[in-house]
Amino acid sequence: MANKEALVLLLDVGPSMHSVIPVIEKLCSMLVQKKLIYNRHDKVGVVLFGTKETCNELTLELGGYRHVVVLKNLKDVDGDMVEALQKLPRGTKDGDFLDAIVVGMDMLIKMYPKANKVKKRLCLITNAQCPIKESIEGTKEEQVTTIAKQMSVHGTRMESIIVRGKLCRKKANKSTASENHRLLNIFSKETSTRIVYVGNPVSLFGALKTQNKTPHTVFRGDLELSSKMKIKVWVYKKTIEELPNLKKCYESPDIVVPSDQRVRGYHYGPQIVPMSKVALDAVKFKPEKGVKLLGFTNSSNVLRHYYMKDVNIFIPEPENTNAMLALSALARAMKEMNKVAILRCVWRRGQTKVVIGGLIPNISDKENIPDSFYFNVLPFAEDVREFQFPSFSKLPAVLQPNQQQLEAAANLVEMLDLAPCGKEKALLPDFTPNPVLERFYRCLELKSKNPGAAVPPIDETLKKITEPDSNLVLKNKSVIDSFRRCFEPNENPRHKKLRRLLLEKSSSSEEDCNRDITPLPSNLIKVKVDSVCNPTPPQVFEAMSGSRNTQDSVVKAIKDTRNKIFELIDESNDGDNYPEALQCLTALQEKCIVDQESEQFNNFLRRLWNFDRNLQNFRGYLASRGLTLIPKAGFLDSQVTEEDEPKVE
């Protein structure tokens, strides 16, 4: 019961809202679709205002409340409600949002007359452009205050989504809009009411939450600054990725292994090593629960790309004045000194992993909200991934961008700025829904009605999230064209020459070879390969180095290929193995270029050139086929210049 929610949607369908209703239909039907997945026992009701008709219980009981229609009474979410929200009627009268709020409250009170643990919520969506009727008793402000107090008594929350900007085609009366804004602010002050102003379809899509989830603490206890100084804190999740909770449906297998005969296994190379529960418990690290300060560092040392997981927020223990003062003093001192605290965290007893993270001060700009900290998990050495390509700063001058290119790039960035000066910010995280999830919910709703239904096309509103603004791109076509002209791709002439030589060597090797080399079947090439061996070293090398995308596998493949080449040369009789050795060398050169291991190949070729064996004939054979070191001019990871090329004596 504690996790259930009763939600009443209060939707303005009057004439001034007609242009927005298609987006509201998608938004509200998507909300119910989400509840069918996550909260299928929640109850939802729908109230429309601004309609020509009047249909609600308060009109029959008390009179008034005209042009307010209860489209759906409070009930468990189902497919019928989704369909009803996808086809909202268009009203013909100006809507009074205050009447709709009272009707919605009446529905909740009648459904839940006594205090209980069900979360009660009203959601108002309107442009607030229509005037509110005068009150029979008292002023409008007094009437709103009375309603707000009743909402607090019955534990009802409300969120108001006010449509503005491009979504409103009708120009608002300034005095009416100002009065309605003042009245809505009374709800915000007197109750737990959240007011959100949206100016585009994307923001409207993200403004309505499925459910205001009650946060649960990750940790409650002491933030230990030292053995004698501790601050009582609570830690919550600030952000966490939302994913649908899907369950696999399958038939039970014929063979069932009893639980007492099952054991965990871990991959160790090609083997699977069994580990019993007793052994696992013995090797587990069992740290003591707690949050301890390790020290402070400059904020410049904690880079943004080091953040690894969800963000937590540290707040002082509620109603603990000493904790609030101590935490605030620490946060403000760190902010002033531009410092970040490094913490060692074990959130709960029995946790096997120790978390190291950075504590970043978050200074509040509101008197009734205390200062806090954001906590981000930081990586250990094993978690950091280094890039394998050289830094841009090490590029030769010819490959550095010139002033014209820098200006073209700056103009492109400025053109696509999501937060231009003096204009509305776009794609704000708080109001931007995940387009992948939204499309998934829509697809799931279609499949529930027709299992064979095709995947629907991407909604036009969601396209605004995943694609650049087409009007903006068209308007700034000259900026894009200028950027394109400044960065025309041109093929490196040295690279082109090397590729041609490789092709010529490959064809000449085939002509010189007295026997056909049968390629391995594709199913054999795809299997796991541990070493290079006969009959086709180049193909096996390709399969082996590409089978596992790790540095070790490439290095091992290179080493094994070199050993194979030496073996072919040693066993050669009057050069009969030279074509096959050349094939190996060609494959090795190509792979080293792709994997940026040019020095590996160049060192090997130098060694081959200086090998203390009778290789005069083989060196001559290589020279006649044009095989060279990988040059620095075409490949940045190489250090070879033209003067370094080996000569045949």
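Now for a quick tour of the structure. (Residues numbered from 1 in each chain as written. Predicted model: local features only at pLDDT ≥ 70, side-chain atom pairs only at ≥ 80, totals over all residues. Heavy atoms only, no water.)

1. As for the overall build of the protein
We count it as follows: Comment: elements are numbered from the N terminus, with helices defined as DSSP H or I runs of at least four residues and strands as E runs of at least two. Three labels apply to residues, based on accessible area from a 1.4 Å probe with only protein chains included: buried if under 20% of the type maximum, exposed if over 50%, partly exposed otherwise in between. Contact definition: two residues touch when any of their heavy atoms are within 4.5 Å.
Scanning the protein from N- to C-terminus turns up 21 helices and 15 strands. The buried share among the 649 residues of the protein stands at 39%. Counting contacts in the protein only where the partners sit at least 6 residues apart, residues at least 24 apart contribute 72% of the total.

2. Here we look at the sheet that holds strand β6 (residues 193-198)
So the rule is basically this: Paired strands, in this sense, are two strands between which DSSP finds at least two bridges. Under this scheme, a helix contributes an axis fitted over its contacting stretch, all axes are lines through C-alpha atoms, and angles between N-to-C directions fall in the 0 to 180 degree range.
Ordered by their spatial adjacency, six strands build an open sheet running β3-β2-β1-β4-β5-β6, and the pairing between neighbours is mixed. Of all the strands in the sheet, the pair left with one neighbour each is β3 (68-76) and β6. Strand-to-strand twist in this sheet, taken as the mean axis angle between neighbours without regard to direction, amounts to 15 degrees. Here helix α1 (residues 21-38) sits on the sheet in contact with β1 (5-12), β2 (43-49) and β4 (119-126), set at roughly 170 degrees to β1.

3. Quick notes on helix α14 (residues 477-486)
Note the following rule: Summarising the geometry, the arc corresponds to the directions from the helix axis toward the C-beta atoms.
Of the positions making up α14, those classed as buried are V479, D481 and C486. The buried side chains of α14 occupy one side of the element, clustering within an arc of 165 degrees when seen end-on. Considering only its buried residues, α14 is in contact with α10 (403-415).

4. Regarding empty space enclosed by the protein
Basically, it comes down to this: Note on definitions: the grid is 1 Å and covers protein atoms alone; a cavity is a set of points where a 1.4 Å probe fits but cannot get out; a pocket is an open set with protein on both sides within 12 Å along at least five of seven lines; lining residues have an atom within 4 Å of a point. Grid points are joined across faces, edges and corners, and a volume is the space filled by probe spheres set on the points. Polar here means any residue outside two lists: the nonpolar Ala, Val, Leu, Ile, Met, Phe, Trp, Tyr, Cys and Pro, and the charged Asp, Glu, Lys and Arg; Gly therefore counts as polar.
The final tally for this structure, using the stated rule, is one cavity of 30 Å³ or more. Computed from the structure, the largest cavity encloses a volume of approximately 60 Å³. The dominant element in the lining of the largest cavity, judged by the number of residues it contributes, is α1, at five residues. Its residues assigned to classes, the lining of the largest cavity comprises five nonpolar, one polar and four charged.

5. Here's the deal with the side chain of S203
By the secondary structure assignment, S203 is in helix α7 (residues 201-207). The exposure class of S203 is buried, given its relative accessible area of 11%. Dropping the residues within four chain positions of it, S203 is found in contact with V198 and F431.

6. A closer look at the environment of V198
The residue V198 is located in strand β6 in this model. Using a relative accessible area of 2% as the deciding quantity, one classes V198 as buried. When the C-alpha atoms of V198 and G165 are compared, they prove to be 7.7 Å apart, with 33 residues separating the residues in sequence.

7. Concerning the sheet that holds strand β12 (residues 312-316)
Read around the closed barrel, seven strands run β7-β8-β12-β15-β14-β13-β11, paired in mixed fashion. Pairs of neighbouring strands in the sheet enclose a mean axial angle of 35 degrees, with direction left out of account. Judged from the five bridges that link them, strand β8 (residues 229-237) and β12 form a sheet pairing that is antiparallel. Its bridge partner lying in β12, V233 is registered against P316. Here helix α9 (residues 321-337) sits on the sheet and contacts β7 (217-226), β8, β11 (290-298), β12, β13 (339-346), β14 (355-362) and β15 (372-377); the angle it forms with β15, its principal contact strand, is near 65 degrees.

8. Considerations on the packing of aromatic side chains
Defined as follows: When the centres of two rings from Phe, Tyr and Trp lie within 6.5 Å, Trp using its six-membered ring, the rings pair. Their planes under 30 degrees apart give stacked, over 60 give edge-to-face, and anything left gives tilted.
In this structure the tally under the stated criterion is six aromatic pairs. Relative to W347, the ring of F314 has its centre 6.2 Å away and its plane inclined at 55 degrees; by these criteria the two rings are tilted. You can see F314 sitting in strand β12 and its partner W347 sitting in the loop between β13 and β14, a full 33 residues away along the chain. Of the residues examined, F314 reaches a relative accessible area of 0% and is grouped as buried. One aromatic cluster in this structure is built from F219, F314, W347 and F375.

9. Quick look at the pattern of salt bridges
To keep things clear, this is the line we draw: The rule for a salt bridge is simple: a side-chain nitrogen of Lys or Arg has to be within 4 Å of a carboxyl oxygen of Asp or Glu.
Throughout the structure, instances matching the rule amount to 24 salt bridges. One salt bridge in this structure joins E159 and R194, with 2.6 Å as the shortest N-O distance. Here E159, found in strand β5 (residues 156-163), pairs with R194, found in strand β6; they are 35 residues apart in sequence, far enough to count as distant. With a relative accessible area of 2%, E159 lands in the buried category. Between K232 and D222 there is a salt bridge; the shortest N-O distance is 3.1 Å. Of this pair, K232 sits in strand β8 while D222 sits in strand β7, placing them ten residues apart in sequence.

10. A look at the pairing of β2
We count it as follows: The handedness rule is simple: strands pointing away from the viewer, and a clockwise path from the first strand over the helix to the second, make the crossover right-handed.
When you tally the buried positions in β2, you get six out of seven residues, the bulk of the element. Pairing between β1 and β2: seven bridges, direction parallel. When the sheet's bridge partners are listed, L7 is paired in β2 with V44. Remark: the β1/α1/β2 crossover connection has right-handed handedness. Here β2 pairs with β3 via six bridges, running antiparallel. Residue K43 lies in a different strand from β3, and its bridge partner there is D76.

11. Considerations on the pairing of β13
Working note: regular strand, side chains alternate between the two faces of the sheet. Extensive coverage of β13 is indicated by the burial of six of its eight residues. With eight bridges connecting them, β11 and β13 associate as antiparallel partners. Counted as the bridge partner of N298 is K339 from β13. Across five bridges, β13 lies against β14 in antiparallel orientation. When the bridges of β14 are listed, A341 appears paired with L359.

12. Some thoughts on the packing of α10 against α14
Our working rule: Helix crossings fall into two classes, left-handed where the near helix is turned counterclockwise from the far one by less than a right angle and right-handed where it is turned clockwise.
Between α10 and α14, the shortest axis-to-axis distance is 9 Å and the interhelical angle comes to 145 degrees. Every pair of crossing elements has a handedness; the one defined by α10 and α14 is left-handed. Between α10 and α14, the residues in contact are Q404, Q405, A408, A409, N411, L412 and M415 and V479, I480, S482, F483 and C486, respectively.

13. A short note on the packing of α1 against helix α11 (residues 435-449)
In a packed pair of helices, the relevant descriptors are the angle between the two axes and the axis-to-axis distance. Threshold: Should an angle lie under 35 degrees it is considered roughly parallel, over 145 roughly antiparallel, and from 65 to 115 roughly perpendicular; all remaining angles are considered oblique.
At a minimum axis separation of 10 Å, α1 and α11 run at an interaxial angle of 80 degrees. Taken together, α1 and α11 sit at an angle that is classed as roughly perpendicular. Between α1, through M30, Q33, K34, I37 and Y38, and α11, the contact on the second element is made entirely by E438, F440, Y441, R442, L444 and E445. Class assignment of the residues belonging to the contact of α1 with α11 gives a composition of six nonpolar, one polar and four charged.

Bear in mind that shape data such as this cannot, by itself, settle questions of function.
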